[in-house]
Amino acid sequence: MSVLVDDDTRVVVQGITGGEGKFHAGQMLEYGTNVVAGAVPGKGGQEVHGVPVYDTVDQAVEEEDADASVIFVPPAFAADAIFEALDTDLDLAVAITEGVPSQDMAKVNKRLTETDTRLIGPNCPGLITPGEAKLGILPGNIFAEGDVGLVSRSGTLTYQVVDSLTQRGIGQTTAVGIGGDPIIGTDFVDALELFENDPDTKAIVMCGEIGGEDEEEAAAYIDEHVETPVAGFIAGRTAPPGKRMGHAGAIVSGSGTGTAESKIDALNDAGVPVGDTPEEVADHIESFL
Amino acid sequence: MKLHEYQAKQVFADAGVPTPESTLASDVDGVLAAADEIGYPVAIKAQVQVGGRGKAGGIKLAEDADEARDAAESILGMDLKGYHVDRVLVEEAVDFVNELYVGVTMDRGEGKPVAMVSTKGGVDIEQVAEETPEAIAREHVDPAFGMHPYQARKAVYDADVDADLALDVAGVLTTLYDLWEDRDGSDAEINPLMVTSDGEVIAADAVMNIDEDALFRQPELAEMEDEAASGDELEQKADEYDFDYVRLEGNVGIIGNGAGLVMTTLDLVDHYGGKPANFLDVGGGAKAERIANALDMVFSDENVDSVVFNIFGGITRGDEVAKGINEALGQFDEIPKPVVVRLAGTNWEEGMEILNEDLVTVEQTLEDAVQRAVAYAEDEEGDQ
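Residues numbered from 1 in each chain as written. Chains lettered and ligands numbered in written order. Predicted model: local features only at pLDDT ≥ 70, side-chain atom pairs only at ≥ 80, totals over all residues. Heavy atoms only, no water.

A.B. asks: An account of the sheet that holds strand β5 (residues 68–71) of chain A is needed here, citing residue identities and associated values.
C.D. replies: All names here are of chain A. Strand order in the open sheet formed by 7 strands is β3-β4-β2-β1-β5-β6-β7, with mixed pairing between adjacent strands. Looking at strand neighbours, the two that pair on one side only are β3 (47–48) and β7 (118–120), the edges of this open sheet. Here β5 runs beside strand β6 (residues 92–95); their pairing, made up of 4 bridges, is parallel. Across the sheet, V70 pairs through a bridge with V94, a residue of β6. (Pairing = 2+ DSSP bridges. Helix = DSSP H or I, 4+ residues; strand = E, 2+ residues; numbered from the N terminus.)

This is how it looks when you write it as structure tokens:
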């Protein structure tokens, strides 16, 4: 029923004393996530929602046996917080922070190759295994337990598509928002591999958007390695070339790759139907189950 | 954030990249005085942030004062692809025998910086990249270590730069990389890097884009941000409000949270036969004031005939959104254009309780909201 997290996952929240960290730590606890510690330099010894706060992630791991981290740290300190998480050999680090400088992420990306920690994000909503745990900012009430794995570059688009699924009684094994930035940790291919290897995931939704070539790479991977049926959605069909649409990655270069059309074609060629609307994506998934 | 040529050249020169002598001028007398100081011939170059300035008449060569006056008069005040030219760079005209390209950018696919060199400088490098990619030598850089000098030399030799220029070009590339790294560049390019008859290299143009997310640690560069960087008044306003906003051709105004969801809303407007007037992402966690600013932004576009709000709260809370909508619309005796609101996710129920339904049309689903907004836009259009 789960990929990456479950109700045993012991979570440390980096930045738990900040506004967002505090609010969402509360939401995670309310959802049932096993939040065991917070980590904020200079705030060791405090408690937030009854959860003990430590000065370092290292202490949180030592004292509370944390194995995953959710990072709510301002952009200027986000890379440092990710490095800290990587340095404590956590299984999973989820970086929610939006606006991390891309040169910082290039350094993080390099460090990732030297550790066993999996990074989700940054600039992402996190991930959720309905009924067990959510790590991040996703609104828990729209998700339902079920058979569908979902991976998406966009947070709010994830919610939209999940809502369409849940409304018609289709639940999810795990939903992962991987983030829309040019340099992220876990990408489509990584997530597809996890879902393919999960016996409980019977169908997969993949939500992409214009910019970059991750969707094209994912299509090639699906063609070669994925037996589980996949339905896709690509945001930004109407975006004019050369304009940056919010996400740093969501710009169409005009050179033919990275466009909605090239992504949809690549997915179709790999046997993946792409919905014109979130409802159509749900139609495809319904037909798979 | 993109620097103007004159700003980028200053940044490059400070770092030790050879650049031609130049002065910024904003009137004809200033141009003539600068040209006198530098010595003829000079190039007079419009300082606006669009590509293809030369072809559009924004760059002219002057051999003497008469030509400089004519050039200054024709360029200053001209409209260049929608941008008003109010400044020109007066620059020593370089007598060159060859043109190269050097650049540094982030390769998002690899997640690493990449340094590039080509002997096909002076032309549209995107076209070179597409048609003859082998003409550009590329060297990926480990961001933890920075670019070693040998990597710059390798790129230069791979690009078949003339042997007697190779070390100078490698030096420029190393400097450019260090500068790109120190200044949080997203792209730094010299095109063309001119080779003079004396065998020296000099940066005849300079492009520097700064990572907006890193401006907090680049205060000097942040100060160079030019409010008039965009020729579009609405896009300037969006900068003031700090919105991700793109103006489009249609008449259905769109406000949402999260780039992917806003793009999806645009796509659905198109799908249901409407035309999006804009992309406007209020971002994550928007409070009431920001929502009100977003409405002000969209109402400022005279092409807008209806507005659709699509908010799916995660970090954004429905009650804050509703408060912002009420505040913004409460100020009007008559709402300028019909507004359709769709709220879902975090605190949507609280939001629906607060939302003043006398001011807006509420729809439960995205599909219904978009179709309603498209229908309203058609009605409004019909009325005009």
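And the narrative resumes.
A.B. asks: With reference to specific residues and values, describe the layout of surface pockets.
C.D. replies: Residues and elements named next belong to chain A. In this model, the second largest pocket occupies a volume close to 380 Å³. Residue lining of the second largest pocket: 19 residues in total, with N109, I184, G185, D187 and D190 positioned closest to the centre. Elements with a contribution of two residues or more to the lining of the second largest pocket: α4 (102–112), β7 and α7 (214–225). Looking at side-chain class alone, the lining of the second largest pocket contains 5 nonpolar, 7 polar and 7 charged residues. (1 Å grid on protein atoms, 1.4 Å probe; cavity = no way out; pocket = protein on both sides within 12 Å on 5 of 7 lines; lining within 4 Å. Points joined across faces, edges and corners; volume = space filled by probe spheres on them. Nonpolar A, V, L, I, M, F, W, Y, C, P; charged D, E, K, R; others polar.)

A.B. asks: Could you give an account of the packing of α7 of chain A against helix α8 (residues 260–269) of chain A, with specific residues and numbers?
C.D. replies: All names here are of chain A. It is the contact of α7 with α8, at a shortest axis distance of 8 Å, that shows an interaxial angle of 5 degrees. Relative to α8, the element α7 lies roughly parallel. For the pair α7 and α8, the contacting residues are D214, E215, E216, A219, I222 and D223 in the first and S262, K263, A266, L267 and D269 in the second. For the contact of α7 with α8, the residue count by class is 4 nonpolar, 1 polar and 6 charged. (Axes fitted to C-alpha atoms, helices over the stretch in contact; angles between N-to-C directions. Parallel < 35°, antiparallel > 145°, perpendicular 65-115°, else oblique. Contact = heavy atoms within 4.5 Å.)

A.B. asks: Please set out helix α5 (residues 155–167) of chain A residue by residue, giving values where relevant.
C.D. replies: Residue and element names in this part refer to chain A. In this model, α5 (13 residues) spans 18 Å end to end at C-alpha, consistent with the 18 Å of a helix rising 1.5 Å per residue. Across the 13 residues of α5, 11 count as buried, placing the element largely inside the fold. Buried within α5 we find G155, T156, L157, T158, Y159, Q160, V161, V162, D163, S164 and L165. For α5, the N-terminal capping position is held by S154, with its side-chain oxygen 3.2 Å away from the main-chain nitrogen of L157. Count one or two residues on from α5 and you reach G169, which has phi positive near 80 degrees. (Expected span 1.5 Å × (residues − 1). Buried < 20%, exposed > 50% of the residue type's maximum accessible area, 1.4 Å probe, protein only. Polar contact = N/O pair within 3.5 Å; in protein donor to acceptor, adjacent residues only side chain to side chain.)

A.B. asks: So, unusual backbone geometry: which residues are in play, and what are the values?
C.D. replies: Residues and elements named next belong to chain A. Following G121, the chain continues into P122 via a peptide bond in cis, with omega recorded as 10 degrees. Counting through the fold element by element, P122 comes out in the loop between β7 and β8 (126–129). Positioned with a positive phi, D89 is a non-glycine residue whose angle comes to about 60 degrees. You can see D89 is positioned in the loop between α3 (75–87) and β6.

A.B. asks: Provide a residue-level description of the UniProt feature "domain: ATP-grasp" (unreviewed entry) in chain B, including the pertinent values.
C.D. replies: As recorded in UniProt, the sites labelled "domain: ATP-grasp" (unreviewed entry) are residues 9–221 of chain B. As a span, residues 9–221 of chain B carries 32% helix and 31% strand, and end to end its C-alpha atoms are 13 Å apart. (UniProt positions renumbered as here; feature names shortened; annotations may be inferred.)

A.B. asks: Tell me about the pattern of salt bridges, and please be specific about residues and values.
C.D. replies: Summed over the entire model, instances satisfying the criterion amount to 28 salt bridges over all chains. E216 of chain A is the partner of K263 of chain A in a salt bridge, and the nearest nitrogen-oxygen pair spans 3.2 Å. One end of the pair, K263 of chain A, is in helix α8; the other, E216 of chain A, is in helix α7, and 47 residues separate them in sequence. E216 of chain A matches K263 of chain A in its accessibility class, with the two residues each being buried. K45 of chain B is the partner of E91 of chain B in a salt bridge, and the nearest nitrogen-oxygen pair spans 3.1 Å. A residue pair is termed long-range when its members are at least 10 positions apart, and E91 of chain B in strand β6 (residues 88–92) and K45 of chain B in strand β2 (residues 42–46) qualify at 46 residues. Of the two residues, E91 of chain B and K45 of chain B, neither departs from the other in class, the shared state being buried. Sharing partners across several salt bridges, the network here consists of E5, K9, K45, R53, E91 and D205 of chain B. (Salt bridge = Lys/Arg side-chain N within 4 Å of Asp/Glu carboxyl O.)

A.B. asks: Residue-level account of the environment of Y272 of chain B, with values.
C.D. replies: With respect to the secondary-structure elements, Y272 of chain B resides in the loop between α9 (259–271) and β15 (278–281). Here Y272 of chain B falls in the partly exposed class, since its relative accessible area comes to 27%. Through-space distance from the C-alpha of Y272 of chain B to that of A375 of chain B is 9.3 Å; in sequence the pair is 103 residues apart. In this structure Y272 of chain B touches T277 of chain A together with E367, V370, Q371 and V374 of chain B, once residues within four positions along its chain are discounted.

A.B. asks: How would you sum up the interface of chain A and chain B? Please name residues and give values.
C.D. replies: Taken together, the contact between chain A and chain B spans 52 residues of the former and 47 residues of the latter. Of the roughly 4,000 Å² buried between chain A and chain B, counting both surfaces, carbon and sulfur atoms make up 58%. If you sort the residues of chain A by the area they bury against chain B, Q103, T238 and M245 of chain A come out on top, with a joint share of 16%. Between R217 of chain B and D104 of chain A there is a salt bridge; the shortest N-O distance is 2.8 Å. Linking chain A to chain B there are 11 residue pairs in polar contact (both at pLDDT 80 or more). Mapped by element, the contributors of at least two residues to the side of chain A that touches chain B are α1 (19–31), α4, α5, β13 (230–235) and α9 (278–288) of chain A. (Buried area = accessible area lost by both parts, 1.4 Å probe.)

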